[in-house]
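# Examination of the molecular architecture
Listed here are the chains, written in short residue letters.
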Amino acid sequence: DEQYFINILEKDKKRFVNLCNLADDKIIDVNIENTNNKKILYFINNKKNKLRFEQLSSGTKKIILYGNRILFALENNKNLFIDEMENSLHPSLACFLLQLAGYPIENSYSQIFFTTHSIYLSSLLDNDQLYYIDNKKDSYNISNISTAIKKNIITKDKTLAIALLEDLLIKNPDSKKIENFIN
């Protein structure tokens, strides 16, 4: 909703513009124009073109949306749930969101929960921050990665990446099915 971003921009323009510039370094400013008694948000690029939010790439929109929601949650002691945070994002921008979610704010008891299929993002977290969903027997069990280590699913010889590839943590497509499909 455009009004959501207008409210954020009016509250702290500098931070909002900086976040937009992180999402897309061609965005150099964000302005609000009144047209027919309606506020319209424009993102200004380095060529001075005005772009509407809908015209931005999906990754840029995600960074702007998720970044602002993460900051709001952290500053207001809220919990936030994001499904597959890394979709449509460059790995460095997904990493930025992860860093932002872990940014310490005094007296904040917020928690950010996100799902991911990204081994890269998973590798940036501590074991006590990682959980997996086991749905191999038509039921769902949630366990932390430390439990997987205790059960020898992940050992010194089996990294998180290998465990994922070997269907130890999630059910990947059956390799025989893939081979039959290709053939």
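Use the structure listed above.
Please read these numbers as outputs of a predicted model, since none were measured by experiment. (Residues numbered from 1 in each chain as written. Predicted model: local features only at pLDDT ≥ 70, side-chain atom pairs only at ≥ 80, totals over all residues. Heavy atoms only, no water.)

## Some remarks on the sheet that holds strand β1 (residues 27-35)
Overall, antiparallel pairing links the three strands, which are arranged β1-β2-β3 in an open sheet. Of all the strands in the sheet, the pair left with one neighbour each is β1 and β3 (50-51). Strand direction decides the pairing type here: β1 and strand β2 (residues 38-45), joined by eight bridges, are antiparallel. When the bridges of β2 are listed, Glu33 appears paired with Ile40. In the packing of helix α1 (residues 2-11) onto the sheet, contacts are made with β1 and β2, and the angle to β2 comes to roughly 70°. Running over the sheet, helix α2 (residues 13-23) touches β1 and β2 and is turned about 125° from β1. (Pairing = 2+ DSSP bridges. Helix = DSSP H or I, 4+ residues; strand = E, 2+ residues; numbered from the N terminus. Contact = heavy atoms within 4.5 Å. Axes fitted to C-alpha atoms, helices over the stretch in contact; angles between N-to-C directions.)

## Topic: the packing of helix α3 (residues 58-75) against helix α4 (residues 91-101)
The contact between α3 and α4 brings their axes to 9 Å, and the two run at 10°. The pairing of α3 with α4 is recorded here as roughly parallel in orientation. In contact with Ile63, Tyr66, Gly67, Ile70, Leu71 and Leu74 of α3, α4 contributes Leu93, Phe96, Leu97, Leu100 and Ala101. (Parallel < 35°, antiparallel > 145°, perpendicular 65-115°, else oblique.)

## Some points on the pairing of strand β4 (residues 79-82)
Only one face of β4 is buried: it carries Leu80 and Ile82, and the other face, with Asn79 and Phe81, is open. Alignment of β4 against strand β5 (residues 111-114), held across four bridges, turns out to be parallel. Bridge pairing in β5 links Phe81 to Phe113. At this point the chain moves from β4, through α4, to the parallel β5, and the crossover so formed is right-handed. (Buried < 20%, exposed > 50% of the residue type's maximum accessible area, 1.4 Å probe, protein only. Right-handed = clockwise from strand over helix to strand, strands pointing away.)

## Examining α3
Given 3.6 residues to a turn, an α-helix orients residues that are three or four positions apart in the same direction. With 18 residues, α3 should cover 26 Å at 1.5 Å per step; its first-to-last C-alpha distance of 26 Å lies within 8% of that length. Turning to α3, its buried residues are Gly59, Thr60, Lys62, Ile63, Ile64, Tyr66, Gly67, Asn68, Ile70, Leu71, Ala73 and Leu74. Just past α3, the residue Asn77 takes up positive phi, approximately 50°. (Expected span 1.5 Å × (residues − 1).)

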